[in-house]
Amino acid sequence: MNKVEHIGIAVTDIKIASLIYEKLLNTPVYKTERVAREGVQTAFLQAGPNKIELLQALDDDSPIAKFIAKKGEGIHHIAFDVTDIVAEMARLKNQGFVLLSDEPKRGADNKLVCFIHPKSANGVLIELCQEAPRPPEGGV
Ligand SMILES: C[C@@H](C(=O)O)C(=O)SCCNC(=O)CCNC(=O)[C@H](O)C(C)(C)COP(=O)(O)OP(=O)(O)OC[C@H]1O[C@@H](n2cnc3c(N)ncnc32)[C@H](O)[C@@H]1OP(=O)(O)O
Ligand SMILES: [Co+2]
């Protein structure tokens, strides 16, 4: 694991949350991206070497909608940057962590991602992410 890549924050209104985080961090949202596969609208802000990822649900089936219904707005996941996501997934599976996909998926911001179930990581949802080498060919 190289560093914390981003912290994901579940919000009900990404426009309002963006204004709050722009004030807090004194920096503008530099990118917004809809990731339909994950059921989320995202907005990214840079905080030094790390990022804040604001997440709004696209529909009621979104993990973000379920999370907010149960726990309210707040920190949803911590994402770690990894150099080789496939190797890291194998290592963590071997250590007993429950991976939420067998293969890396395409996330936001040109990343390959894999989530680890919060029940196997002390109640915290963990995301692994690796900079994707090139755009998807037929989807990952
Ligand atoms: C685009 C992107 C990117 O960066 O590239 C993203 O981040 S996308 C971010 C959105 N995508 C994801 O989150 C994908 C991975 N997440 C998932 O597959 C799901 O959200 C699960 C983590 C499996 C939870 O699903 P679901 O709530 O349906 O399962 P469940 O009802 O069985 O919940 C199991 C238990 O986990 C808890 N739980 C659920 N979400 C949690 C979270 N984010 N942090 C901590 N605990 C969490 C529930 O409260 C429940 O606890 P109790 O049993 O104690 O009540
Ligand atoms: Co994320």
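Residues numbered from 1 in each chain as written. Chains lettered and ligands numbered in written order. Predicted model: local features only at pLDDT ≥ 70, side-chain atom pairs only at ≥ 80, totals over all residues. Heavy atoms only, no water.

- Per an unreviewed UniProt entry, the protein goes by Methylmalonyl-CoA epimerase and derives from Mucilaginibacter pineti.

**Structural notes on the sheet that holds strand β2 (residues 31-35)**
Phase 1: Strand order in the open sheet formed by 8 strands is β2-β3-β4-β1-β5-β8-β7-β6, and the pairing between neighbours is mixed. Of all strands in the sheet, those bounded by a partner on one side alone are β2 and β6 (105-106).
Phase 2: For strand β7 (residues 111-116) and strand β8 (residues 125-131), the ladder comprises 6 bridges, and the chain directions are antiparallel. Bridged to Phe 115 within β8 is Glu 127.
Phase 3: Against the sheet, helix α1 (residues 14-25) makes contact with β1 (3-10), β3 (40-47) and β4 (50-57), and its axis sits at roughly 5 degrees relative to β3, the strand it touches most. (Pairing = 2+ DSSP bridges. Helix = DSSP H or I, 4+ residues; strand = E, 2+ residues; numbered from the N terminus. Contact = heavy atoms within 4.5 Å. Axes fitted to C-alpha atoms, helices over the stretch in contact; angles between N-to-C directions.)

**What to know about helix α3 (residues 85-94)**
Phase 1: Every buried residue of α3 is listed here: Ile 85, Glu 88, Met 89 and Leu 92. The arc enclosing the buried residues of α3, seen along the axis, measures out at 100 degrees, which places them on a common side. Exposed residues on α3 whose side chains face more than 90 degrees from its buried face are Val 86 and Asn 94.
Phase 2: Tucked inside the fold, the buried residues of α3 contact β7 and β8.
Phase 3: Two or three places before Val 86, at the start of α3, stands the capping residue Asp 84, its side-chain oxygen 3.3 Å from that residue's backbone nitrogen.
Phase 4: Backbone geometry just downstream of α3 places Gly 96 in the positive-phi region, at approximately 100 degrees. (Buried < 20%, exposed > 50% of the residue type's maximum accessible area, 1.4 Å probe, protein only. Arc of directions from axis to C-beta. Polar contact = N/O pair within 3.5 Å; in protein donor to acceptor, adjacent residues only side chain to side chain.)

**Remarks on the site of ligand 1**
Phase 1: In the neighbourhood of ligand 1, 22 residues make up the surrounding shell, with Glu 53, His 76, His 77, Ala 108 and Lys 119 lying closest.
Phase 2: At 3.0 Å, a side-chain N or O of Glu 38 approaches a nitrogen atom of ligand 1.
Phase 3: Glu 127 places a side-chain nitrogen or oxygen 3.0 Å from an oxygen atom of ligand 1.
Phase 4: Calculation on ligand 1 without its partners gives an accessible area of 1000 Å², and the protein chains cover 74% of this total.
Phase 5: Only α2 (63-71), β5 (74-81), β7 and β8 provide two or more residues apiece to the shell around ligand 1.
Phase 6: Residue composition of the shell around ligand 1, by class: 9 nonpolar, 6 polar and 7 charged. (Near = heavy atom within 4 Å. Areas by Shrake-Rupley, 256 points an atom, 1.4 Å probe, with all protein chains shown as cover. Nonpolar A, V, L, I, M, F, W, Y, C, P; charged D, E, K, R; others polar.)

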